[in-house]
Amino acid sequence: MSDDAMKQYYARRAGEYEGIYHKPERQHDLRLLESRIAEIFAGRIVLEIACGTGYWTQFASRNALSITATDINPEVIAIAKTKTYDVAPQFLIADAYTPQDITGNFDALLSAFWWSHVPKQQLAEFFGNLHKRLPPGSLIVFMDNRNVEGSSTPLAFTDESGNTFQDRPLKDGTTHRVLKNFPDSEEITNALTRYATDIQVTELEYYWLATCLTK
Ligand SMILES: C[S@@+](CC[C@H](N)C(=O)[O-])C[C@H]1O[C@@H](n2cnc3c(N)ncnc32)[C@H](O)[C@@H]1O
């Protein structure tokens, strides 16, 4: 899936996106992540990339000093703007691959459910750009899905680089082949070691959360 196809898929999915947060079996994990995200950004100046409909912005903003929430799609930002926040976010349209184009000084970054959509062969460039964008010692938080049979959409295809794809239906009757990778703790740690220290990966049943400090 090209980046443009990814962008269009999420634009079409905007109105039904948060259904993913109503899966009954995931509620326990979600409450744990929500409280962790609310506390971890306390006092921080946060940049959020690929913020979508603002689901995690709600929790990240709870104790933050400020938060700038960005996404490439105006359709999801429009939904995010209808939510209530403890600290009012600044919403911007921005590409997660070019954080250097986002104005502001930040000491923390949130990337929720975006790592899985970055092709493995582009991860180094993606992390390199984030690393360059933040001063040393900045907090970066990644979280994403684990692949759980019976809960996750089954994998449909694996490409020559090891990227995995799902065929995802939308309510408008269309189906989209979407890149969705599921790195394990070792892969996550290895990918971040060049750019960060204090790497901690927590695996829940349905999700993983990684925190680190930029070098
Ligand atoms: C899986 S959703 C995650 C949304 C939100 N972070 C969450 O966890 O609920 C992926 C988001 O990435 C956005 N997106 C797609 N391509 C992007 C890009 N190149 N740069 C920034 N955001 C992008 C989509 O619009 C969508 O909102």
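All figures in this text were calculated on a predicted structure; none of them were measured in a lab.

The rules we used
Residues numbered from 1 in each chain as written. Predicted model: local features only at pLDDT ≥ 70, side-chain atom pairs only at ≥ 80, totals over all residues. Heavy atoms only, no water. Near = heavy atom within 4 Å. Polar contact = N/O pair within 3.5 Å; in protein donor to acceptor, adjacent residues only side chain to side chain. Areas by Shrake-Rupley, 256 points an atom, 1.4 Å probe, with all protein chains shown as cover. Nonpolar A, V, L, I, M, F, W, Y, C, P; charged D, E, K, R; others polar. Salt bridge = Lys/Arg side-chain N within 4 Å of Asp/Glu carboxyl O. Helix = DSSP H or I, 4+ residues; strand = E, 2+ residues; numbered from the N terminus. Buried < 20%, exposed > 50% of the residue type's maximum accessible area, 1.4 Å probe, protein only. Contact = heavy atoms within 4.5 Å. Phe/Tyr/Trp six-rings, centres within 6.5 Å; stacked < 30°, edge-to-face > 60°. Pairing = 2+ DSSP bridges. Axes fitted to C-alpha atoms, helices over the stretch in contact; angles between N-to-C directions.

Asks: Explain the site of the ligand residue by residue, including any values.
Replies: Surrounding the ligand, one finds 20 residues, the nearest of these being Tyr-21, Ala-50, Asp-71, Asn-73 and Ala-96. Within the side chain of Asp-71, an N or O atom sits 2.7 Å from an oxygen atom of the ligand. With respect to the ligand, the backbone of Ala-96 contributes an N or O atom lying 2.8 Å from a nitrogen atom. In the complex, the protein chains occlude 99% of the 590 Å² of accessible area that the ligand would expose alone. Along the lines of polarity and charge, the residues of the shell around the ligand split into 14 nonpolar, three polar and three charged.

Asks: Pulling in residues and values, what's your account of the pattern of salt bridges?
Replies: With the rule as written, the count across this model stands at nine salt bridges. Across the pair Asp-172 and Arg-12 runs a salt bridge, and its minimum N-O distance is 3.1 Å. Note that Asp-172 is positioned in the loop between strand E7 (164-169) and strand E8 (175-179) and Arg-12 in helix H1 (residues 3-13), a separation of 160 residues in sequence. Lys-120 is paired through a salt bridge with Glu-187; the nearest N and O atoms lie 2.8 Å apart. Of the two residues, Lys-120 sits in the loop between strand E4 (108-112) and helix H5 (123-133) while Glu-187 sits in helix H6 (residues 185-192), which places them 67 residues apart along the sequence. On the basis of relative accessible area, Lys-120 is assigned to the partly exposed category, the value being 27%.

Asks: Which residues make up the environment of Arg-146, and what are the values?
Replies: Following the sequence through the fold, Arg-146 ends up in the loop between strand E5 (139-145) and strand E6 (155-158). Residues Arg-146 and Glu-25 lie 121 residues apart in sequence; the distance between their C-alpha atoms is 13 Å. Not counting residues up to four positions away in its chain, the partners in contact with Arg-146 are Ser-152, Phe-182, Glu-203, Leu-204, Glu-205, Tyr-206, Tyr-207 and Trp-208.

Asks: If you had to explain the packing of aromatic side chains to someone new, which residues and values would you point to?
Replies: This structure, assessed with the given rule, holds 21 aromatic pairs. Relative to Phe-142, the ring of Trp-115 lies with its centre 5.1 Å away and its plane at 85 degrees, an arrangement referred to as edge-to-face. Here the residue Trp-115 occupies a position in the loop between E4 and H5, and Phe-142 occupies one in strand E5, the gap between them amounting to 27 residues. Exposure remark for Trp-115: the relative accessible area of 3% places this residue in the buried category. The class for Phe-142 is buried, based on a relative accessible area of 0%. Three or more aromatic residues joined by ring pairs make a cluster, and in this case those are Tyr-9, Tyr-10, Tyr-17, Tyr-21, Tyr-55, Trp-56, Phe-59, Phe-113 and Tyr-207.

Asks: I'd love a proper account of the sheet that holds strand E1 (residues 45-49), names of residues and values included.
Replies: Within the open sheet, the seven strands sit side by side as E3-E2-E1-E4-E5-E10-E9. Their pairing is mixed. Two strands in the sheet have a free side with no partner beyond their single neighbour: strand E3 (90-93) and strand E9 (196-203). On average, each strand axis in the sheet is inclined to that of its neighbour by 15 degrees, with strand direction left out of account. Bridging between E5 and strand E10 (residues 207-214) involves seven bridges; their strand directions are antiparallel. Of the residues in E10, the one forming a bridge with Met-143 is Leu-209. Along the sheet, helix H2 (residues 27-40) contacts E4, E5 and E10; its crossing angle with E10, the most-contacted strand, is approximately 15 degrees.

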